There are 2 protein chains.
Amino acid sequence: MRLVRAAVISAGRGYRIPSIVNGRGEAATATGANRAVTGAFALQCRQPSKNRTKMSELKLPTRGEDFSEWYNQLVLRAELADYAPVRGCMIVRPYGWALWENITAALDRRFKATGHVNAAFPLLIPRSFIDKEKSHVAGFAPELAVVTHGGGEELEEPLVIRPTSETIVGHAYAKWIQSYRDLPVLINQWNSVVRWELRTKLFLRTLEFFWQEGHTAHATALEAEAETRQMLDVYTDFAVREAAVPVIPGRKSAAERFAGAEQTYSIEAMMGDGKALQAGTSHNLGQNFAKAFGIRYLDKAGVLQHCWTTSWGLSTRFVGAIIMVHGDDQGLILPPRLAPFQIVIVPIFKTDAEKAIVLENARRLRQQLVDAGVRVRMDEREGLSPGFRFNDWEMRGVPLRLEVGPKDVAKGAAVLARRDRPGKEGKAFVPQQGIAAAVGRLLEEIQQSLYDRALEFRKANTADAADYGELKQAVEKGFASSWWCGRGECEAKIREETKATMRCIPVEQPGGGGKCVYCGQLSSEKAIFARAY
Amino acid sequence: MRLVRAAVISAGRGYRIPSIVNGRGEAATATGANRAVTGAFALQCRQPSKNRTKMSELKLPTRGEDFSEWYNQLVLRAELADYAPVRGCMIVRPYGWALWENITAALDRRFKATGHVNAAFPLLIPRSFIDKEKSHVAGFAPELAVVTHGGGEELEEPLVIRPTSETIVGHAYAKWIQSYRDLPVLINQWNSVVRWELRTKLFLRTLEFFWQEGHTAHATALEAEAETRQMLDVYTDFAVREAAVPVIPGRKSAAERFAGAEQTYSIEAMMGDGKALQAGTSHNLGQNFAKAFGIRYLDKAGVLQHCWTTSWGLSTRFVGAIIMVHGDDQGLILPPRLAPFQIVIVPIFKTDAEKAIVLENARRLRQQLVDAGVRVRMDEREGLSPGFRFNDWEMRGVPLRLEVGPKDVAKGAAVLARRDRPGKEGKAFVPQQGIAAAVGRLLEEIQQSLYDRALEFRKANTADAADYGELKQAVEKGFASSWWCGRGECEAKIREETKATMRCIPVEQPGGGGKCVYCGQLSSEKAIFARAY
């Protein structure tokens, strides 16, 4: 874990990523075959037909005008996701799924490097399982999707579609774990779960969502707490280094805890409108589920003990965070390490003679980039102006654009345009010789600069709110960092009166103490308050 | 596609795999981090506690005694899967899931190399969708799991958990596809589906199973048929080259077609008991779903046309095929290209002094193998005899075992034991110098030899059955290859009287013609008849 912790610590100071090009080649996703995926996406990123051309020529609302509508339209237009026929469900389209696949690969590497293995538990759970842990049933019963019929007959016992898997995993662990030699059990699964949400929004809150859920069992309370914190660190490291999303890792209040947990930790990120988004959670379940499901082991002395368990998850919600942290009025800006395409090549020509020369040159450049492990998309669409194509790829958030026309070919040069710096400032004429190295450097710079910018934005919109008046003002535009006594009454009042919730008690504390922002009682910890998604 | 076709063709003649060590390192799965996964599995492959030690010392039934019980016990003992609390559902345990992850990676590479992209469609489908295509509803209605309540209230329209996704994909494609420029759409998804099966068996037939389902839309009938056949070739190539499972690609009869398809193709494999297993299917759906869901496009002439669609899937059933094709009375034999661990190192020592020397040596060997891209498992368990550990890993099907004791260390040698050749015949003393190259070569040999052996077995148990008497005899122990008139009446009679079904009309035909094995009518195609899973 030294690596992960180091990264977490360095996140506060700014960080360096080792290398942006990671041998993935032209692939849109970490598992894609190098050569062919550009072809695949070229086929699948649809040639705009007339209707769509007009639609996508309409301007997005700016973020200032209507942040929520900017988000909704952008998700649809960039073809990240679409509404499903069932209320509140979403279809994750190929471009969005490629982004999610890159997220999953980056997380899965970290899970395996910290000793976890994957497995798959069933999606159907007996209804009675949910009732076995009393906080759990209170939390999840209202959100269940219930299967009452199967194979044309009414079931004797209704089943639920998993809203999360602690219960069914607990049932299995009770069977599998017998001795201290069996511990720890460190299992993760990638799947989808269903929670009957009323207000939904693509990626942020959907009836069905995609995620990973880790479930571990340990011999001691200490180990379980260490695991819970380790996974919080893993999420922090992922957010910072892969998604360029600065996050605040911290502890939730009792009111915001996972149903059945002793302690919940989360990473909290500031979106472009100043609101908070909980982007990943890690729960110490104590012995609650172990007692409810009888997960026990014989210790070295031959005494039967209950295990200590944890669970932790990060979901497609994170895609929403990436959109809202980095996006601008032109559309998405995807962090290079996760972007399905790190660079798009736009060949520019008018005549057939130019076309032959430019395409030959562009394909050669593409091959050089692919060979260097860059994920490349070539835009060979015809009948669309360069301006239209530039805007289209800017809207889709591709970090870099390479433009090449007949004059560039003649000069052995090309234009590289950074998505994160619009207009002339982000454009550079570069020699074609050594293009792959130049692209690699620029991608690293963009990744770093996205992180720095987001961190700056969060700092600029976080106030050290010493009194309640300041807190009220702060949460109008961002985060308030305030001393808090830890009592649920103060937390509830603040929520009621300001619509801001206690996001977390950051792991990193200034030390010392101060007066609770609401009741004035002396307290030793600062908390983050914000309105949240 | 040239590569894939070439492999398919060469499959008939015996084939060579390019390289068994594929840069995956020590990882149990293609996405695992090199170094850590051995540690992960070391933690997760549980140290047998006393009870389990006794249990696993019990002998498996032999395949000859009771093939079905051999299979059931082996799946549980090797910890590939376990029964779930809901009847007919399964938990895929880490060892089984690592195998499935390697299968998914091998297929996903092929899908992407043939131009496909991944996406995710929701698991909940309005009940009414299933009714829109009339053969589809007839096929799937009896097997549906129905959600009638959500969020504590009865739903206005019941939802079903997808039994397959043609309907919801059709709905989306109707919205997304407008012009010939949008075609083809080539999307795949990895997920699970639910079908209310009555007789279930781990991996082979479960209520919920894991699979991929590809869904494509095309402008012409010709293109759709080419796609259908291409994916049949992809499955064949995967089965032969990755799983070392010889398969017969062919066409299904009308009676065995997918509900809603114009044509269904499958790959059929012979299991160790001579029965057939359908191991992957590819469907040409014609315009059936396009008409039911209004998937239309404007062609170049501006005329509105219905699309032609396909779908194709391969599921966790394939894990069952691997078990039943390669396994022997000692347990699993996993093909090196898919095995979670390609080699297990078993250090052997008695005293503490020996332990220090042997472990140091074993770890150095492990590192050499990891560096060469081999997936390695180190068995450092203590208090278990070498014999017990050998049997344990043999049961789990690890293709190679490396034994190293104090004398070996002194000599700079080690023992390599092949799983596919039990006893002395499969053991070799090798110098430690150059161990990685020796292991690489042996893994290739094992992969090839598993394929050859399975092909031999199929040949030995396939009879050219010229008359009905011969067919009846042949299906008692394997496949019958017979002329068939193509009429459903003959097929039904054969099924009724022999319990053998028409598995497929192989793509590869001898040419010429002969008399239908049942009715004697002249026919031009041979078909495979067999009892099947």
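Residues numbered from 1 in each chain as written. Chains lettered and ligands numbered in written order. Predicted model: local features only at pLDDT ≥ 70, side-chain atom pairs only at ≥ 80, totals over all residues. Heavy atoms only, no water.

Caption draft 1: Expanded view of the environment of Arg-251 of chain B. All names here are of chain B. Among the structural elements, Arg-251 can be located in strand β9 (residues 248-251). Taking the relative accessible area as the measure of exposure, Arg-251 reaches 25% and is therefore partly exposed. Between the C-alpha atoms of Arg-251 and Tyr-265, which are 14 residues apart in sequence, the distance is 4.3 Å. Sequence-distant contacts of Arg-251, defined by excluding residues within four places in its chain, comprise Gln-263, Thr-264, Tyr-265, Met-502, Cys-504, Ile-505 and Glu-525. There is a polar contact of 3.0 Å between the side chain of Arg-251 and the side chain of Glu-525. (Helix = DSSP H or I, 4+ residues; strand = E, 2+ residues; numbered from the N terminus. Buried < 20%, exposed > 50% of the residue type's maximum accessible area, 1.4 Å probe, protein only. Contact = heavy atoms within 4.5 Å. Polar contact = N/O pair within 3.5 Å; in protein donor to acceptor, adjacent residues only side chain to side chain.)

Caption draft 2: Representation of the sheet that holds strand β17 (residues 400-404) of chain A within the structure. Residue and element names in this part refer to chain A. An order of β16-β15-β17-β18-β19 is seen for the 5 strands of this open sheet, with the pairing classed as mixed. In this open sheet, the two edge strands, each paired with only one partner strand, are β16 (376-378) and β19 (427-431). This sheet shows a mean twist of 25 degrees between the axes of neighbouring strands, independent of strand direction. Direction of pairing for strand β18 (residues 413-418) relative to β19: antiparallel, over a ladder of 5 bridges. Considered in β19, the bridge of Ala-414 is made with Val-430. Of the strands in this sheet, β15 (343-347), β16 and β17 touch helix α12 (residues 352-371), which is tilted by about 165 degrees from β15. Strands in contact with helix α13 (residues 386-395) are β15, β16 and β17; relative to β15, the strand with the most contacts, it is inclined by about 170 degrees. (Pairing = 2+ DSSP bridges. Axes fitted to C-alpha atoms, helices over the stretch in contact; angles between N-to-C directions.)

Caption draft 3: Structural view of the sheet that holds strand β9 (residues 248-251) of chain A. All names here are of chain A. Overall, mixed pairing links the 11 strands, which are arranged β3-β7-β8-β14-β11-β10-β9-β22-β25-β21-β20 in an open sheet. Edge positions in the sheet fall to β3 (117-118) and β20 (462-464), since each has one partner strand and no second. The sheet contact formed by β9 and strand β22 (residues 501-506) spans 2 bridges and is antiparallel. Its bridge partner being in β22, Arg-251 is matched across the sheet by Ile-505. In the packing of helix α15 (residues 435-460) onto the sheet, contacts are made with β9, β10 (263-270), β20 and β21 (479-484), and the angle to β20 comes to roughly 40 degrees.

Caption draft 4: Structural detail: the pattern of salt bridges. Residues and elements named next belong to chain A. Within the structure shown, the criterion is met by 65 salt bridges over all chains. Between Arg-337 and Glu-242 there is a salt bridge, with the nearest N and O atoms lying 3.4 Å from each other. With a gap of 95 residues between them, Arg-337 in the loop between α11 (317-326) and β15 and Glu-242 in the loop between α9 (221-241) and β9 connect regions that are remote in the sequence. Overall, the relative accessible area of 3% leaves Glu-242 in the buried class. For the salt bridge of Asp-392 with Arg-381, the shortest nitrogen-to-oxygen distance reads 2.8 Å. Highlighted residues: Asp-392 in helix α13 and Arg-381 in the loop between β16 and α13, separated in sequence by 11 residues. Here Asp-392 matches Arg-381 in class, with each residue buried. Bridged by salt links that share partners, the residues Glu-79, Arg-93, Asp-379, Arg-381, Asp-392 and Arg-396 form one connected network. (Salt bridge = Lys/Arg side-chain N within 4 Å of Asp/Glu carboxyl O.)

Caption draft 5: Inspection of the confidence of the model for chain A at higher detail. Residues and elements named next belong to chain A. In this model, chain A carries an average pLDDT of 91, and 89% of its residues clear a pLDDT of 70 or more. Contacts of residues 30-55 to residues separated by more than four positions or lying in other chains number 82 contacts, the stretch itself having pLDDT below 50. Interface confidence for the predicted complex, expressed as ipTM, amounts to 0.91; the pTM equals 0.92. (pLDDT = per-residue confidence, 0-100.)

Caption draft 6: Spatial organisation of the packing of helix α16 (residues 468-477) of chain B against helix α17 (residues 488-498) of chain B. All names here are of chain B. Close contact between α16 and α17 brings their axes to 11 Å; oriented N to C, the two are set at 50 degrees. Comparing the axis directions of α16 and α17 gives the class oblique. In this structure, α16 crosses over α17, and the sense of that crossing is right-handed. Contacts between α16 and α17 involve Tyr-468, Leu-471, Lys-472 and Val-475 from the first element and Lys-493, Ile-494, Glu-497 and Thr-498 from the second. Taken together, the residues that form the contact of α16 with α17 break down as 4 nonpolar, 1 polar and 3 charged. (Parallel < 35°, antiparallel > 145°, perpendicular 65-115°, else oblique. Left-handed = near helix turned anticlockwise from the far one by under 90°. Nonpolar A, V, L, I, M, F, W, Y, C, P; charged D, E, K, R; others polar.)

Caption draft 7: Seen up close, unusual backbone geometry. Residues and elements named next belong to chain A. With an omega of -5 degrees, the peptide bond between Leu-183 and Pro-184 qualifies as cis. On the secondary structure map, Pro-184 appears in the loop between α8 (166-176) and β7 (185-194). Of note, the phi angle at Ala-244 is positive, near 55 degrees, even though the residue is not glycine. Summarising the element assignment, Ala-244 is placed in the loop between α9 and β9. Of the residues examined, Ala-244 reaches a relative accessible area of 0% and is grouped as buried.

Caption draft 8: Quick look at the environment of Leu-285 of chain B. Residue and element names in this part refer to chain B. Within the fold, Leu-285 resides in the loop between β11 (276-284) and α10 (288-293). Judged by relative accessible area, Leu-285 falls into the buried class, the value being 2%. On a C-alpha basis, the gap between Leu-285 and Trp-308 in space is 7.0 Å, while along the polypeptide they are 23 residues apart. Residues contacting Leu-285, with those up to four places away along its chain left out, are Glu-166, Phe-258, Gly-260, Ala-261, Glu-262, Thr-309, Thr-310 and Ser-311.

Caption draft 9: Representation of the pairing of β17 of chain A in the model. Residue and element names in this part refer to chain A. Across the 5 residues of β17, 5 count as buried, placing the element largely inside the fold. Taking every second residue as pointing to the same face, both faces of β17 are buried, with Leu-400, Leu-402 and Val-404 on one and Arg-401 and Glu-403 on the other. As judged from the 5 bridges shared by β15 and β17, these two strands associate in the parallel manner. Counted as the bridge partner of Ile-345 is Leu-402 from β17. Sheet topology note: the β17/β18 ladder contains 4 bridges and is antiparallel. Following the sheet pairing, Arg-401 is matched in β18 by Ala-417.

Caption draft 10: Spotlight on the side chain of Arg-419 of chain A. Residues and elements named next belong to chain A. Relative to the assigned elements, Arg-419 resides in the loop between β18 and β19. The exposure class of Arg-419 is buried, given its relative accessible area of 4%. For Arg-419, the side chain forms a polar contact with the main-chain oxygen of Glu-394, separated by 2.7 Å. Not counting residues up to four positions away in its chain, the partners in contact with Arg-419 are Asp-328, Gln-330, Gly-331, Leu-332, Ile-333, Glu-394, Gly-397, Val-398 and Pro-399.

Caption draft 11: Inspection of the nonpolar core at higher detail. If you look at the biggest cluster of nonpolar residues, it comprises 92 residues, and the most contacted ones within it are Ile-161 of chain A together with Ile-161 of chain B. With sequence-adjacent residues up to four places away left out, Ile-161 of chain A is seen in contact with Leu-123, Leu-124, Ala-145, Val-147 and Val-194 of chain A together with Leu-123, Leu-124, Val-147 and Ile-161 of chain B. (Core = buried A, V, L, I, M, F, W, Y, C linked by side-chain atoms within 4.5 Å.)

Caption draft 12: Structural context of the packing of aromatic side chains. Counted under the stated rule, the structure contains 32 aromatic pairs over all chains. With 4.9 Å between their ring centres and 85 degrees between their planes, Tyr-468 of chain A and Tyr-518 of chain A make a pair best called edge-to-face. Remark: Tyr-518 of chain A occurs in the loop between β23 (514-515) and β24 (522-523) and Tyr-468 of chain A occurs in helix α16 (residues 468-477); sequence separation between them is 50 residues. An aromatic cluster is built from Trp-100, Phe-111, Trp-190, Tyr-235 and Trp-312 of chain A, whose rings are joined through pairwise contacts. The ring of Phe-390 of chain B carries the charged tip of Arg-401 of chain B above its face, separated from the ring centre by 4.0 Å. (Phe/Tyr/Trp six-rings, centres within 6.5 Å; stacked < 30°, edge-to-face > 60°. Lys NZ or Arg CZ within 6 Å of the ring centre and 35° of its normal.)

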